[in-house]
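Per-entry structural report
Listed below, chain by chain, are the residues.
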Amino acid sequence: MKSSRRSFIKISGALTALAALPSSVKAFYQDVKSFFVPPKQTIPLAININKKPYKVTADTRTTLLDLLREELQLTGTKKGCDHGQCGACTVHINGERVLSCLTLSAQTVGKEVTTIEGLASGDQLHPMQQAFIECDGFQCGYCTPGQIMSAVACVQEGHTKSVAEIKEFMSGNLCRCGAYNGIVESIQKVAAI
């Protein structure tokens, strides 16, 4: 009977000590974090997206992808890997394709950003969007906005001389469904126009 009382007292004491620990660990973490991580700094941004001016205040570390999706609700541009490896976030800046997950929003001031929402002209689809529909250039559709934005750049930059050249140019855009044949066919169709 005495050993069970001693065990109870030891266990109770240990649990009491553990209950006090998290608040002190949390305080220590906050102290360390404030020492090493600088506070957020926001700046006003005037950005042109899809030929429309936007004025926002954003953290200096905000990526263009997060600004588009979280602040401006332009959710056509997809967040895939967030490391510049899948191409789902591809947009155009001044007509050139870029990965919006690797581009700081502050870098776009004074430049024209075009997203998938800005390709169509009213109800008239961009020829590449129409070609993707006609050639089955997508399946689940998640990567499709980035694929289309890269495909438009592929044609504009003249990388359509062969299937191998198209595949090389488009190699930064991944499709988990494997709709690559339809994507290449779509690019060839628009390049022939």
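Keep in mind that what you see is a predicted model, and the values were worked out from it rather than measured.

Conventions and cut-offs
Residues numbered from 1 in each chain as written. Predicted model: local features only at pLDDT ≥ 70, side-chain atom pairs only at ≥ 80, totals over all residues. Heavy atoms only, no water. Helix = DSSP H or I, 4+ residues; strand = E, 2+ residues; numbered from the N terminus. Rg over C-alpha atoms; globule rule 2.2 N^0.38 Å. Buried < 20%, exposed > 50% of the residue type's maximum accessible area, 1.4 Å probe, protein only. Salt bridge = Lys/Arg side-chain N within 4 Å of Asp/Glu carboxyl O. Pairing = 2+ DSSP bridges. Phe/Tyr/Trp six-rings, centres within 6.5 Å; stacked < 30°, edge-to-face > 60°. Lys NZ or Arg CZ within 6 Å of the ring centre and 35° of its normal. Disulfide = S-S within 2.5 Å. Contact = heavy atoms within 4.5 Å. Axes fitted to C-alpha atoms, helices over the stretch in contact; angles between N-to-C directions. Parallel < 35°, antiparallel > 145°, perpendicular 65-115°, else oblique. Left-handed = near helix turned anticlockwise from the far one by under 90°. Nonpolar A, V, L, I, M, F, W, Y, C, P; charged D, E, K, R; others polar.

Next up on the list: the overall build of the protein. A tally of regular secondary structure across the protein gives six helices and five strands. Each helix (α) and strand (β) of the protein, taken in turn from the N terminus, gives the series α-β-β-α-β-β-β-α-α-α-α. Against the 2.2 N^0.38 benchmark of 16 Å for 193 residues, the protein shows a C-alpha radius of gyration of 25 Å, more extended than a compact globule. Dimensions of the protein, computed from C-alpha atoms along their principal axes, come out at roughly 90 × 40 × 30 Å. Looking at the protein as a whole, 34% of its 193 residues are labelled buried.

Further remarks concern the pattern of salt bridges. A side chain with one charge may pair with a side chain of the opposite charge, provided their charged atoms come close. In total, this model carries four salt bridges according to the counting rule given. Of the charged contacts, one joins D66 and K79 as a salt bridge, the two residues approaching to 2.7 Å between their closest N and O atoms. With D66 in helix α2 (residues 64-71) and K79 in the loop between α2 and β3 (90-93), this pair connects stretches of sequence that are 13 residues apart. Residue D82 pairs with K79 through a salt bridge whose shortest N-O separation is 3.7 Å. For D82, a relative accessible area of 32% puts it in the partly exposed group. Owing to a relative accessible area of 30%, K79 belongs among the partly exposed residues under this scheme. When salt bridges with common partners are traced through the structure, they connect D66, K79 and D82 into a single cluster.

So, on to unusual backbone geometry. Excluding glycine, residues mostly have negative phi values, and the peptide bonds linking residues are mostly trans. The phi torsion at D82 lies on the positive side, around 65 degrees, for a residue other than glycine. Tracing the backbone shows D82 in the loop between α2 and β3. The phi angle at N94 is positive, at roughly 50 degrees, despite the residue not being glycine. Assignment of secondary structure puts N94 in the loop between β3 and β4 (96-99).

Attention shifts here to the pairing of β4. Two strands pair when backbone bridges link them, and β3 and β4 are joined in this way by four bridges, in the antiparallel orientation. For T90, the partnering residue across the bridge sits in β4 and is L99.

In this section: the packing of aromatic side chains. Considering all chains together, one arrives at zero aromatic pairs under this definition. Against the face of F169 rests R97, its NZ or CZ located 3.9 Å from the ring centre.

Turning our attention to the state of the cysteines. Applying the stated criterion across every chain yields a total of zero disulfides. As a non-bridged cysteine, C86 has C81 as the owner of its nearest cysteine sulfur, 3.8 Å distant.

All of the buried residues in α2 are L64, L65, L67 and L68. Among the structural elements, β1 (42-49), β2 (52-59), β3 and β5 (112-114) are those in contact with the buried residues of α2. Remark: Q73 follows α2 within two positions and exhibits a positive phi of approximately 60 degrees.

Let us now look at the packing of helix α4 (residues 144-156) against helix α6 (residues 180-191). The N-to-C vectors of α4 and α6 enclose an angle of 40 degrees; their axes lie 10 Å apart at closest approach. Our classification of the angle between α4 and α6 gives oblique. For the pair α4 and α6, the sense of crossing is right-handed. Taking contact as the criterion, the partners of Q147, A151, C154 and V155 in α4 are, on α6, I183, I187, V190 and A191. A class-by-class count of the residues in the contact of α4 with α6 yields seven nonpolar, one polar and no charged.

Moving on: the sheet that holds β2. In spatial order, the strands read β2-β1-β5-β3-β4; together these five strands make up an open sheet with mixed pairing. Unpaired on one side and paired on the other, β2 and β4 mark the two borders of the sheet. In this sheet, adjacent strand axes meet at a mean angle of 40 degrees when their direction is disregarded. Sheet topology note: the β1/β2 ladder contains eight bridges and is antiparallel. Directly across from T42, in β2, lies its bridge partner D59.

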